[in-house]
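# A closer look at the structure
What follows is each chain in one-letter form.
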Amino acid sequence: MTEAAPRSGPSSSRVQISRRSNVAPFMALDVLANARRREAQGQDIIHLEIGEPGSPPPRAVREAAMAALDGRRIGYTEALGRPSLRERIARHYRDAYGLAVAPEHIVVTNGSSGGFLLAFLSLFDAGARVAIAAPGYPAYRNILEALGIETVTIEVSEATRFVVTPSMIEAVHAKTRLDGILLMSPANPSGTMMSAEALRDVCAACERLGVAFISDEVYHGLTYGQPARTALEFSSEVIVANSFSKYFCMTGWRIGWLVLPGHMVRTVERLQQNLAVSVGLLSQIGAEAVFDAQEDLQRVLSGYARNRAILLNELPDMGLGGFHPVDGAFYIYVDVSRLTDDSGHFCAKMLDEIGVAATPGLDFDRTRGRGAVRFSFAGPEGDIVEAMRRLKSWLR
Ligand SMILES: Cc1ncc(COP(=O)(O)O)c(C=O)c1O
């Protein structure tokens, strides 16, 4: 057997790494890797760092995938996704929102992450300017930067209940033209949701200004009061990204979807053909089955609601009562500025000393995130209770 040549270190290699790949790490995943290393060494860790349902997908998903595996060829599918799944997603819009969406406008993607790549490539050239909110999902900026697209940060605050308003968009656009804006509701890391009126006004402002609006709706289904509204109700020009990862508990299946204006579909199809060929067939089969498992999914949601209630009750008692309104998703974004101005160090110390893994706010907001921490409450209730017990005695 021939031995592989010794791998040379980065400094001795003459092969250059591209400048555009020099994006920031996704800290939540770095914290997860560190926590898993510690677990492998025997430390007892509670995972509140990662935005991933603790529950497996409903049984119907596993059964459908297993039946498909039995003797069937697992091949490529249509680049836009299997027609039956695109139709099933369209039916979901009718059932959940009372909205008619044509299956031809739906594209099945490799998670919403794969959807963002397709949407950004089809909408923006290198050098375009796209606005995102802070705090916000870190991968937005990192994917856009890798594509040579400039990001413009709009800081949200209590003054607008932590959502971006049309006047904020207009002010930024007046200074330097925006090509797009990417917003989510319910939001990560805050859980804060836009009202129907706010979403409608943002849609109208984007149409008026000629700014592409991408609405990230991956946390739909996970709400604790009013249900979330889709931007598709208010605009025929919006691009919606959604996912089977969160409400549907299918993170590792890597499947999501886009809803596109008709004129974008063929462009996205050509990109998907070349970038991914298609989404995994087993995942598409599983995804089609998950819509009929609403009872299981609602049970999981009740678990999150219990976890949320524990956190809302316990955190203020520890002096950690400053957090954004948790309307949806499964995160709580807590102000820890009283305790630290270095959330990275704070989280590392918390992991080291009490085995509670959480994500530094710096992942979500490069300035104000120094004084914030995100806890995910998507795991088992027992973990949330134990994490609060540990945190309480640590902070005493
Ligand atoms: C707001 C938001 N959008 C998109 C994603 C990506 O999810 P996926 O690619 O699994 O659909 C995440 C994951 O945490 C997220 O929080």
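Our structure's up above, just so we're on the same page.
What counts as what
- Residues numbered from 1 in each chain as written.
- Predicted model: local features only at pLDDT ≥ 70, side-chain atom pairs only at ≥ 80, totals over all residues.
- Heavy atoms only, no water.
- Patch = residues over 30% accessible without salt bridge, like charges linked within 9 Å, V, L, I, M, F, W, Y side chains within 5 Å.
- Areas by Shrake-Rupley, 256 points an atom, 1.4 Å probe, with all protein chains shown as cover.
- Salt bridge = Lys/Arg side-chain N within 4 Å of Asp/Glu carboxyl O.
- Helix = DSSP H or I, 4+ residues; strand = E, 2+ residues; numbered from the N terminus.
- Buried < 20%, exposed > 50% of the residue type's maximum accessible area, 1.4 Å probe, protein only.
- Pairing = 2+ DSSP bridges.
- Near = heavy atom within 4 Å.
- Polar contact = N/O pair within 3.5 Å; in protein donor to acceptor, adjacent residues only side chain to side chain.
- Nonpolar A, V, L, I, M, F, W, Y, C, P; charged D, E, K, R; others polar.
- Contact = heavy atoms within 4.5 Å.
- Phe/Tyr/Trp six-rings, centres within 6.5 Å; stacked < 30°, edge-to-face > 60°.
- Core = buried A, V, L, I, M, F, W, Y, C linked by side-chain atoms within 4.5 Å.
- Domains from an automatic or database assignment.

What follows deals with a nonpolar patch on the surface. A cluster of nonpolar side chains, Leu 117, Leu 121 and Leu 275, forms an exposed patch at the surface whose accessible area comes to about 230 Å². Tracing the chain through its elements places Leu 121 in helix α4 (residues 111-123). Using a relative accessible area of 35% as the deciding quantity, one classes Leu 121 as partly exposed.

Ordered in space as β9-β12-β11, the three strands form an open sheet in which the pairing is antiparallel. Strand pairing shows two members of the sheet lacking a second neighbour, β9 (331-335) and β11 (359-360), which therefore form its edges. Alignment of β9 against strand β12 (residues 372-376), held across five bridges, turns out to be antiparallel. Counterpart to Asp 335 in the pairing with β12 is Ala 372.

Our focus in this paragraph is the site of the ligand. For the ligand, the set of nearby residues contains 15 residues, the closest of which are Ser 113, Asp 216, Tyr 219, Ser 243 and Ser 245. At 2.5 Å, a side-chain N or O of Ser 113 approaches an oxygen atom of the ligand. Within the side chain of Lys 246, one N or O atom sits 2.7 Å away from an oxygen atom of the ligand. Here the ligand, which alone exposes 400 Å², has 93% of that area covered by the protein. In terms of residues, the shell around the ligand owes the most to one element, α4, which gives four residues. Of the residues assigned to the shell around the ligand, the class counts are six nonpolar, six polar and three charged.

Attention shifts here to the pairing of strand β8 (residues 256-259). With burial as the criterion, each face of β8 is covered, one bearing Gly 256 and Leu 258 and the other bearing Trp 257 and Val 259. In this sheet, β8 lies alongside strand β2 (residues 106-109) in antiparallel orientation, the contact comprising four bridges. Directly across from Thr 109, in β8, lies its bridge partner Gly 256. Of the pairings in the sheet, the one linking strand β7 (residues 239-243) to β8 comprises four bridges and is antiparallel in character. Along β8, the bridge assignment pairs Ala 241 with Leu 258.

We now examine the environment of Leu 258. With respect to the helices and strands, Leu 258 occurs in strand β8. For Leu 258 and Ser 122, which are 136 residues apart along the polypeptide, the C-alpha to C-alpha distance reads 12 Å. If near-sequence neighbours (up to four positions away) are discounted, Leu 258 is found in contact with His 105, Ile 106, Val 107, Thr 109, Gly 115, Leu 118, Ala 119, Ile 239, Val 240, Ala 241 and Val 268.

Once that is clear, we can look at the packing of aromatic side chains. One pass over the full model with this rule turns up 19 aromatic pairs. Arranged with centres 5.5 Å apart and planes meeting at 55 degrees, the rings of Phe 346 and Trp 394 form a pair that is tilted. Here Phe 346 is found in helix α11 (residues 343-354), whereas its partner Trp 394 is found in helix α12 (residues 381-395), with 48 residues between them in sequence. A connected cluster of aromatic rings, assembled from ring pairs, spans Tyr 93, Tyr 97, Phe 244, Tyr 247, Phe 248, Trp 257 and Phe 291.

On to the nonpolar core, then. One finds Ile 181, Phe 213 and Phe 244 to be the most contacted residues of the largest nonpolar core, which totals 82 residues. Residue contributions to this core peak at seven residues, all from helix α10 (residues 294-317). Viewed by domain, this core spans two of them, domain 1 (21-50 + 295-395) and domain 2 (59-291), each represented by three or more residues. Discounting residues that sit within four places of it in the chain, Phe 213 has contacts with Ile 181, Leu 183, Leu 199, Val 202, Cys 203, Cys 206, Ala 231, Val 238 and Ile 239. One finds Leu 80, Phe 124, Tyr 140 and Met 184 within the second-largest nonpolar core, a separate group that totals 27 residues.

Moving on, we get to unusual backbone geometry. Pro 135 follows Ala 134 through a cis peptide bond whose omega is 0 degrees. In this fold, Pro 135 is placed in the loop between β3 (129-134) and α5 (138-146). In this structure, the amide linkage connecting Asn 188 to the following residue, Pro 189, adopts the cis form with an omega of 15 degrees. Position of Pro 189 relative to the elements: it lies in the loop between β5 (180-184) and α7 (196-209). The phi angle at Val 277 is positive, at roughly 65 degrees, despite the residue not being glycine. Note on placement: Val 277 falls in the loop between α8 (265-275) and α9 (281-290). The backbone phi angle of Ala 329 is positive, close to 60 degrees, even though this residue is not glycine. Among the secondary structure elements, Ala 329 is positioned in the loop between α10 and β9. Exposure remark for Ala 329: the relative accessible area of 0% places this residue in the buried category.

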